[in-house]
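Secondary and tertiary structure notes
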Amino acid sequence: GAAGPFTGELSKIGLDALNAIKMAVEEFNQAGGLNGRMVEVVVGDDGADPAQGKVVADKFVADPDVLGVIGPMNSSVIAAALPVYEKANLVIISQSGTRSDLTEKGFKVMHRVCPRDDAQGKAAAAFIFNEIKPSKLYILDDKSSYGQGLADEVENNLKAYGLKEIKRDQVGMQDKDFSALVTRIKAYNPDMVYMALSNPAQAAALAKQLAGVGLKPVLMGGDGCRERDQLIGGGGEAVQGMYVTAIGRNLKEVPEAREFVSKFEAKYGAMSIFSGQSYEATKILLNAIKEAQKAGQRNREGVLKAVHATKDYNGILGFPISFDSKGDLVGGEIIVLKVSGN
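Residues numbered from 1 in each chain as written. Predicted model: local features only at pLDDT ≥ 70, side-chain atom pairs only at ≥ 80, totals over all residues. Heavy atoms only, no water.

Examining the pattern of salt bridges
Definition in use: Between Lys or Arg on one side and Asp or Glu on the other, a salt bridge is scored when a side-chain nitrogen of the former is within 4 Å of a carboxyl oxygen of the latter. Put simply, DSSP H or I for four residues or longer makes a helix, DSSP E for two residues or longer makes a strand, and each gets a number counted from the N terminus.
Considering all chains together, one arrives at 22 salt bridges under this definition. For the salt bridge of Lys283 with Glu27, the shortest nitrogen-to-oxygen distance reads 3.1 Å. In this pair, Lys283 sits in helix H10 (residues 275-294) while Glu27 sits in helix H1 (residues 11-30), placing the two residues 256 residues apart along the sequence. A network of salt bridges, in which partner residues are shared, links Glu104, Arg112, Arg116, Asp118, Lys326 and Asp328.

In structure tokens form, the structure reads like this:
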């Protein structure tokens, strides 16, 4: 099963993830599949909506041939759907669900190949405090589980460092007109704005509206903003110099990923932010299904057990992947990127 926002505001990210999932399955089938049996991808579009995420989970759970799920991609959708997957012992591997508490509630089916928000928030706060050194910071989130969780981590870590001048605010995920918000930001006059937003196009629009009233604070966003076409293409000059945290290295700099990058871009165009993680998660799930079959347990319980036992899987991300007892990624890294040019 592939669960994600394949329509709606986040469909660019979702569809690129889906393409990477399909590519991994195609390669698996070309190599012989499961002793000659082909693997099929069943698609579940949740539109980044928690209620729809539960509908998708019900659909996958009701199909006995679905042995594992890649996704959901959004933390709020994962939180809503987890009880459904847990009851059915249907393992999930999220490529982008970073909210810290998702693996703190005892759900044995939950796994992810991305670092948690507490790791990303801590890294972002250290960079902001030590490198940017702002005197006044404005922090925004989009009211989503991801946005609020990441913003909380950044704020709490910066307060621990001793930064006192911090203002919090929110936008709706569907908002496009930020005139009232821009007025509030202008009145506060921060030297930096941190945007914990899920939609990079929204971050670009806000950056342009800030520039439109003559505001030029240092801008920074979380991994949700790391989408070249929507952030840089949509923001233009307004996002030049903006910083973005990324949960993993640029795949074009990872030797193990060269073949994947070349094949993906030849077929689908430029990669999105979670294409590599989606491909990696799918490879791990397929490997687990194969291991479960070898053990005579090609069922949901067997696949869950095999996924959880994944240790030092070396794929395309540039570091070995293992899961801890909670299903969190062991290791990984947070890097900071800066927009420069196109």
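Right, picking up where we left off after that structure.
Overview of the nonpolar core
Short version of the rule: The criterion is simple. A nonpolar core is a set of buried Ala, Val, Leu, Ile, Met, Phe, Trp, Tyr and Cys residues joined through side-chain atoms within 4.5 Å. Accessibility here uses a 1.4 Å probe with only protein chains present; expressed as a share of the type maximum, an area under 20% marks a residue as buried, one over 50% as exposed, and anything in between as partly exposed. Here, residues are in contact when the closest pair of their heavy atoms is within 4.5 Å.
Tyr85, Ile93, Leu251, Phe260, Val303 and Ile321 are the most contacted members of the largest nonpolar core, which has 59 residues in total. Counting residues per element, this core draws most heavily on H10, which supplies eight residues. Contact partners of Leu251, with chain neighbours within four places excluded, come to Ala257, Phe260, Val261, Met271, Gly276, Ile316 and Leu317. Residues Val171, Val193, Leu210 and Leu219 belong to the second largest nonpolar core, which totals 25 residues.

Considering the sheet that holds strand E8 (residues 192-196)
Threshold: For two strands to be treated as a pair, DSSP must find at least two bridges joining them. Axes, fitted as lines to C-alpha atoms, cover a helix only where it is in contact. Angles between the N-to-C directions of the axes lie from 0 to 180 degrees.
Taking strand neighbours across the sheet as the criterion, the six strands line up as E7-E6-E8-E9-E10-E11 in an open arrangement whose pairing is mixed. The open sheet has two edge strands, strand E7 (166-170) and strand E11 (335-338), and neither has a second partner. Between one strand and the next, the sheet's axes are offset by a mean angle of 20°, whatever the strand orientation. Sheet topology places E8 next to strand E9 (residues 218-221); four bridges connect them, and they run parallel. The residue bridging Tyr194 from the neighbouring strand is Met220, located in E9.

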